[in-house]
Amino acid sequence: MRSSDLPVLSQSPAPPALPDEPLAVTEAWLGNRRLSDHTRDAYRRDVTGWLAWCADRHLDPLRANFLHVNEYGRALESSRSARTGRPLTPATVARKLSALSSWYDFLVKLRAMDTNPVAGADRPHVDRDHSATVGLAPDEVDALLTAAEADTGPTAARNRAAIALLADLGLRVGELVALDLTDLGAERGHRSVRFVGKGGKARRRALTPSTAYAVDAYLAERATRQGVPVAQLTGALLVTASGARLDRHSVFRLVRRLARTAGIPAWARLSPHSLRHAFATTARAEGVPLEDVQDAMGHADPRTTRRYDRDRHNLDRDPAYAIWAARARRRG
């Protein structure tokens, strides 16, 4: 039989060609995700750490299995943070493995691998009802705002606007520093701000009168310094003295400096996220429905919002009291 007489077998298309270097694969993966710059950098570090671990053991990442991932997880649990010197928390280890799992999912979709080795690995248990963020009581938030109002210097007006936005809107620090002047607006009688939240979701929030006042005062001072009308200002909403966009590290330092000035005991462990936690707790304590707080914070799952509510276990809010009070009213 001649070869030309043989039936032609259908062939599955060849898998897409992968970039030559693992780091190039990582960039392709990151480019395929809707992530903030901060999250993108964190995920890049997470995958780079895994690739370095594999290289030290002469392990091809494409041949890794769940046993290798388990070994890597134990290594992470016994390592220390380069920034704090403290052991990595279970939440941090879980986040690193989650990023790695997403990276491998990408490779599976590209048919570079048959299975995701992280899927079968043993990940650390994380208490979803716990957060390592140090919270703030309402009076401490008030003290922080007072310290910002008393602040002096060339950036004092900007600092007041930044703290007001964090305290009154509960913004993530990445959302805060990404704001542009064009994000400010007005809708149906409300001063507002639009931004892109976590997961690439378009969001909008109302500015309270005090926050709007702080923002207006800052922009008026900035315009005067530049010698132009406010309407002609361009670029980022919050800028440094040199005109560059304010970065997240500066906001961290600002929160801690003002907290120290305000006499808040835990000032050295606070972060911009502390104000986000305080926003959720105070809103719930003031009777704002959970779903409204969830929408304001941009959470897809109400369980995430409940984690931010530091006062959720307060016995003052036990539903038993509401049931008892209703029964007492019925009985006259």
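Residues numbered from 1 in each chain as written. Predicted model: local features only at pLDDT ≥ 70, side-chain atom pairs only at ≥ 80, totals over all residues. Heavy atoms only, no water.

> So what exactly am I meant to see when it comes to helix α4 (residues 90-109) here?
Residues separated by three or four positions in an α-helix point in the same direction, a consequence of the helix having 3.6 residues per turn. The end-to-end C-alpha distance of α4 is 28 Å, a good match for the 28 Å that 20 residues give at a rise of 1.5 Å each. Every buried residue of α4 is accounted for by Val93, Ala94, Lys96, Leu97, Ala99, Leu100, Ser101, Ser102, Trp103, Tyr104, Phe106 and Leu107. Just beyond α4, the residue with positive phi is Arg111, at close to 65°. (Helix = DSSP H or I, 4+ residues; strand = E, 2+ residues; numbered from the N terminus. Expected span 1.5 Å × (residues − 1). Buried < 20%, exposed > 50% of the residue type's maximum accessible area, 1.4 Å probe, protein only.)

> What should I look at first to understand the layout of surface pockets in this one?
The space that makes up the second largest pocket amounts to roughly 340 Å³. Together, 18 residues line the second largest pocket, and Ala167, Asp168, Phe279, Thr282 and Ala283 are the ones closest to its centre. Looking at the lining of the second largest pocket, the elements with two or more residues in it are α5 (138-149), α6 (156-169), β3 (202-206), α10 (272-285) and α11 (290-297). For the lining of the second largest pocket, the per-class residue count stands at 12 nonpolar, 2 polar and 4 charged. (1 Å grid on protein atoms, 1.4 Å probe; cavity = no way out; pocket = protein on both sides within 12 Å on 5 of 7 lines; lining within 4 Å. Points joined across faces, edges and corners; volume = space filled by probe spheres on them. Nonpolar A, V, L, I, M, F, W, Y, C, P; charged D, E, K, R; others polar.)

> It is not clear to me how helix α3 (residues 66-77) should be interpreted in this structure. Could you clarify?
The end-to-end C-alpha distance of α3 is 16 Å, a good match for the 16 Å that 12 residues give at a rise of 1.5 Å each. In this structure, the buried side of α3 is in contact with α2 (37-56) and α4. Among the residues of α3, the N-terminal cap falls to Asn65, whose side-chain oxygen and the backbone nitrogen of Leu67 are separated by 2.9 Å. (Contact = heavy atoms within 4.5 Å. Polar contact = N/O pair within 3.5 Å; in protein donor to acceptor, adjacent residues only side chain to side chain.)

> What is the right way to read the packing of α5 against α6 from this model?
The packing of two helices is summarised by the inter-axis angle and the distance between the axes. Where α5 contacts α6, the axes come no closer than 9 Å and their chain directions differ by 160°. Judged by the angle between their axes, α5 and α6 are roughly antiparallel. Crossing geometry of α5 relative to α6 is assigned as left-handed. In contact with Val141, Leu144, Leu145, Ala148 and Glu149 of α5, α6 contributes Arg160, Ile163, Ala164 and Ala167. Here the contact of α5 with α6 is built from residues that sort into 7 nonpolar, no polar and 2 charged. (Axes fitted to C-alpha atoms, helices over the stretch in contact; angles between N-to-C directions. Parallel < 35°, antiparallel > 145°, perpendicular 65-115°, else oblique. Left-handed = near helix turned anticlockwise from the far one by under 90°.)

> Teacher, can you tell me more about the nonpolar core here?
One broad rule of soluble globular proteins: the nonpolar side chains tend to lie buried together. One finds Leu165 and Leu176 to be the most contacted residues of the largest nonpolar core, which totals 44 residues. Residue assignment for this core shows that the elements contributing at least two residues are α5, α6, α7 (173-177), β2 (190-196), α8 (209-226), α9 (248-261) and α10. Tallying contributions element by element places α6 first for this core, with 8 residues. Filtering out sequence-adjacent residues up to four positions away, Leu165 remains in contact with Gly170, Leu171, Leu176, Leu179, Leu207, Thr211, Val215 and Leu237. (Core = buried A, V, L, I, M, F, W, Y, C linked by side-chain atoms within 4.5 Å.)

> Can you help me understand the sheet that holds β3 in this one?
Hydrogen bonds between backbone groups are what pair the strands of a sheet, and the pairing can be parallel or antiparallel. What the 3 strands build is an open sheet, ordered β1-β2-β3; its pairing is antiparallel. Two strands in the sheet have a free side with no partner beyond their single neighbour: β1 (184-187) and β3. Each neighbouring strand pair of the sheet contributes to a mean axis angle of 40°, computed without reference to strand direction. The pairing of β1 with β2 spans 4 bridges and is antiparallel. Its bridge partner being in β2, Leu184 is matched across the sheet by Val193. (Pairing = 2+ DSSP bridges.)

> Explanation requested: the confidence of the model for the protein chain in the structure shown.
When pLDDT is low, close inspection of the predicted coordinates is not appropriate. On average, the protein chain scores 85 in pLDDT, and the residues at 70 or more come to 88%. Mean pLDDT across the elements of the protein chain bottoms out in helix α12 (residues 302-308) (73) and peaks in α9 (96). (pLDDT = per-residue confidence, 0-100.)

> Would you take a moment to explain the pattern of salt bridges for this structure?
Opposite charge on two side chains permits pairing when their charged atoms draw close. Here the structure, examined in full by the defined rule, presents 15 salt bridges. Salt-bridge contacts for Glu187 lead to Arg194; the nearest nitrogen and oxygen are separated by 3.1 Å. Arg194 sits in the partly exposed class, given a relative accessible area of 45%. When the shortest N-O distance is used, the salt bridge between Arg191 and Asp216 registers 2.8 Å. Here Arg191 is found in strand β2, whereas its partner Asp216 is found in helix α8, with 25 residues between them in sequence. Looking at Asp216, the relative accessible area reads 34%, which means it is partly exposed. Connected through salt bridges with shared partners, the residues Glu27, Asp41 and Arg44 form a single ionic network. (Salt bridge = Lys/Arg side-chain N within 4 Å of Asp/Glu carboxyl O.)

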